[in-house]
Structures are given as structure tokens and as C-alpha cells.
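Residue-level listing of the chains:
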Amino acid sequence: MHIDSTSGYQIDLFGNIPVLDAWWRRSKTKSRVLSLVLITWVPLIVLSLLASQNSVLTDYAIHMRFLIALPLLLLSSMKSGQNLRESFYQFIEAEILDPKDYNALKYQINETKRLRDSNWAKIVIFVLVYLVAAVYLLQFNDLENPVWRKENGNISLAGWWFTLISQPLYFYFLFYFLYRVGLWCRLLKKVSKMELHLRPSNGDDCGGLGFLGHLLVFFIVPCFAISVSVAGSMLNLVLYEGIDVTDMKMILGILCGAFLLLLAGPLLFFFPAMKEAKHRGIVEYGTLMGRQLQAFEKKWLVAEIDSKDNILQDEDFQSVDSSNSVIERVHHMRLVPFTLKDLLPLIVAILLPFLPVVAMKVPWKVLLGQLTKIII
């Protein structure tokens, strides 16, 4: 069944920004990034310096969060949306999805768009953002706040701007991104429940679903951006609170595991279909191979062979050899649509921002030596 248009099967999950839609459409990319920096970072520096609080300049957390993490989160969300726009059409293009489910796929994509643009979602995200701000204010006196956020025991002007403007904007983009990833996971689950025509002999070793693992590359920059923000806070703790780097291993493990579970975990929804396809392929191709070998043996082992026959160049031998290659591919079919090679860039992106933190306590020569041993 040929589809004349892909428009009904396209979805941009990350490209638009709820609540900020009007500003997003009118402004260019550079203007968006510059506006975020002017709103979140510049006022903190100006207000702090006006109050003679030079400590803001050595607060690495705010520099890494508002100069690197937030702009990258914005840019990567837009880029991911463009790259993933037609990803679900691949189920039709590669004839993986049964034609009777084409309308079901279109319905689920439209439903996802409705959830993406839901006013309730915008309200919930907005409430969550300022709930975080409220919790921060309630626990302000109990927290080890940077000096520039305080003035005579109370919150400084810079502290108020951080709490009510800068930090909420960062969390808004973060929660918005996580919400859209949740919608991505939901859509993958819905598709995995449809009738899939997987081919165990496919050269991607995934029955035709190998393209799903390759899509993980589009989440590398968001992972890096969020890790940069966390690494900035950890750098402050190491430098100014005396926290030992080795005490942060659990945090790194949890962060890395959470990202992989969130982004690669949903691909496990296809495990039952891939397992069933591999089992079916082993049985069906095994039966076919058995019949082929039976015919082959009758011709070449039971019957008398003419001395003039060139056995090595006969098509029967080439056919058996080709069949063996197909059977081998079937047996090598994976049960998940991704490999360690697909996950490795994500892991590197997650851990890379923490290298400066580790370097604070571990000499660079030792660190590079250990990394070289791992890579080689």
C-alpha cells in the first residue's frame, strides 16, 4: 500500500515551546538564545555586583546552567524536533506496520499532538516550576546558599531574581523537554502494540527496527545540557563545600541510569514482537533450509553424479551457501532495537561534563591515562 503523503504521519514533539509560542515564532535562533541569557544570567551578575557581591563570579553553577545548559537545551530541543519529525513514517516506508494499522498510527500521532499542545500540560508544568521555587524559599535558611543570594540574612535582589525568574525558566525548559520525552515513550508503546511485520533476516539484525536505535543520537545534546547543569552544582560542592569527588559516584550512576532508562528504555516495548519474530524466523527458515538440503542431498548424494558436472560452480551449492548466510542472520537477530554502540554516545555525553569536577581532585595526567586505558 503506497502512501502519497507523509504529512499525516509527521510529528514535531520538541520544536515548539508551550506558553512561549508567539515569541518562538517571531524570533530567530540567535535572538532566542541571546534573550534567554539576558533574562536569566545578566541580571544575576549585575544585581550581585551592584551589591558588591563578587562571589557571583565564582559561582560556576549559574554560569554553566544559564550560559551553556539552558541555551543548549533550547537549541537541541528544536533540532531534535526537526530530526524526529518523520521517524514514525519509517514504519510505513519500510512496510513494518500492517496496512490495516495505518489509520491507527495516524490517530495516535494526532492524539500525541493534542497532548503536546494541551493547556492542562502547560498549567501543570508552570505549577511544577513555581512549586520548586516555593520549596526553595521555604528551605532557604536551611540550605547552604551561595553568599550572593543572601543579604543581611535575607534573600538578596539577585537571589529573588534567581528564585522567581532565572531558575523557573531553566526548570520550565527542562520539564517541557521531559514531558515531550514522555509523549515520545507513549507513542512508541502504542506502536509496539500494533501488528508489526518484522523480518528476522533483515541486515540490521533487528528485523527492520534498527532505525529506532539510531534515533538515540538526536538526544545526545539534551543529555549533555542537563549534565552540564548538574556538573556545575557538583563543581561548587567540591570547591566550596569540601565534598569528596568519590562520594558522587552514586549520583553519576543514578543520572546515567535515569537517562538511559528514559531514552533507550522505551525501545524495550518492542522486545515481545522481536522475540516472537526471531523464534518464528528460526522455525520457518530452519524448515525451509531442511527442505532445501533434502532436495540437495537427493540430487548430489543419492543420485550418481556425472563426471562432467562442475560441482563447485553449480547453482545448487551457491544457493545452499546463501541460505546458510540467511539462517545465520536470523540466529544473530537481536531482541532489542539498539546496541551498545547506540548507547555509548549518550553515556559519553552524560559523563563528559563531570571531567572538570573529577580533575579538581585527580591530576590531569592520571585522568587522561585512565581514560586512554578505557578507550583503547
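Here, every reference points to the structure presented above.
In this text, all values refer to a predicted model and were calculated from it rather than measured experimentally. (Residues numbered from 1 in each chain as written. Predicted model: local features only at pLDDT ≥ 70, side-chain atom pairs only at ≥ 80, totals over all residues. Heavy atoms only, no water.)

Caption draft 1: Spotlight on the overall build of the protein. For the protein, the count of helices and strands is 16 helices and two strands. For the protein, contacts bridging at least 24 residues in sequence account for 83% of all contacts bridging at least 6. Total accessible area on the protein is roughly 20,500 Å²; 62% of this is exposed by carbon and sulfur atoms. (Helix = DSSP H or I, 4+ residues; strand = E, 2+ residues; numbered from the N terminus. Contact = heavy atoms within 4.5 Å. Areas by Shrake-Rupley, 256 points an atom, 1.4 Å probe, with all protein chains shown as cover.)

Caption draft 2: Molecular detail of the state of the cysteines. Throughout the structure, instances matching the rule amount to zero disulfides. Here Cys223 is not cross-linked by a disulfide; its sulfur's nearest cysteine counterpart is in Cys256, at 8.9 Å. (Disulfide = S-S within 2.5 Å.)

Caption draft 3: Focus on helix H3 (residues 42–50). Listing the buried residues of H3 in full gives Pro43, Leu44, Ile45 and Ser48. After H3 finishes, the residue Ser52 shows a positive phi value of roughly 60°. (Buried < 20%, exposed > 50% of the residue type's maximum accessible area, 1.4 Å probe, protein only.)

Caption draft 4: Spatial organisation of the nonpolar core. In this structure, Phe88, Phe91 and Leu209 are the most contacted members of the largest nonpolar core, which totals 83 residues. Considering each element in turn, this core owes the most residues, 17 residues, to helix H8 (residues 157–192). Residues within four places of Phe91 in sequence aside, it is in contact with Ile96, Leu97, Val191, Leu209, Phe211, Leu212 and Phe270. (Core = buried A, V, L, I, M, F, W, Y, C linked by side-chain atoms within 4.5 Å.)

Caption draft 5: View of the packing of H3 against H8. At their nearest, the axes of H3 and H8 sit 8 Å apart, and the two run at 165° to each other. For the element pair H3 / H8, the angle class is roughly antiparallel. Note on packing geometry: the crossing formed by H3 with H8 is right-handed. Where H3 approaches H8, its residues Pro43, Leu44, Leu47 and Ser48 are matched on the opposing element by Leu157, Ala158, Trp161, Phe162 and Ser166. In terms of residue class, the contact of H3 with H8 is built from seven nonpolar, two polar and no charged. (Axes fitted to C-alpha atoms, helices over the stretch in contact; angles between N-to-C directions. Parallel < 35°, antiparallel > 145°, perpendicular 65-115°, else oblique. Left-handed = near helix turned anticlockwise from the far one by under 90°. Nonpolar A, V, L, I, M, F, W, Y, C, P; charged D, E, K, R; others polar.)

Caption draft 6: Here's a closer look at the packing of helix H11 (residues 249–263) against helix H14 (residues 340–351). In contact at an axis separation of 10 Å, H11 and H14 are set at 140° when each is read in the N-to-C sense. One finds that H11 runs oblique with respect to H14. The way H11 lies across H14 gives a crossing that is right-handed. Only Leu343, Leu346, Ile347 and Ile350 of H14 make contact with H11, whose side of the interface consists of Leu255, Cys256, Phe259, Leu260 and Leu263. Residues that form the contact of H11 with H14 fall into these classes: nine nonpolar, no polar and no charged.

Caption draft 7: Quick peek at unusual backbone geometry. Positive phi, close to 55°, is recorded for Glu95, a residue that is not glycine. As for its placement among the helices and strands, Glu95 is situated in the loop between helix H5 (90–93) and helix H6 (102–116). Its identity as a non-glycine residue notwithstanding, Asp205 has a phi of 60°, on the positive side. Overall, the relative accessible area of 22% leaves Asp205 in the partly exposed class.

Caption draft 8: Examining the side chain of His63 more closely. Relative to the assigned elements, His63 resides in helix H4 (residues 60–83). Overall, His63 belongs to the buried group, its relative accessible area being 15%. Among the polar contacts made by the side chain of His63, one reaches the main-chain carbonyl oxygen of Val56 at a distance of 3.3 Å. Contacts of His63, omitting those with residues within four sequence positions, involve Trp41, Ile45, Val56, Leu57, Thr58 and Ile68. (Polar contact = N/O pair within 3.5 Å; in protein donor to acceptor, adjacent residues only side chain to side chain.)

Caption draft 9: Up close: a nonpolar patch on the surface. On the surface, a cluster of nonpolar side chains totalling about 430 Å² of accessible area is made up of Phe126, Tyr130, Leu137, Trp160 and Leu164. Per-element tally for the nonpolar patch: the top contributor is helix H7 (residues 119–138), with three residues. You can see Leu137 is positioned in helix H7. For Leu137, a relative accessible area of 31% puts it in the partly exposed group. (Patch = residues over 30% accessible without salt bridge, like charges linked within 9 Å, V, L, I, M, F, W, Y side chains within 5 Å. Salt bridge = Lys/Arg side-chain N within 4 Å of Asp/Glu carboxyl O.)

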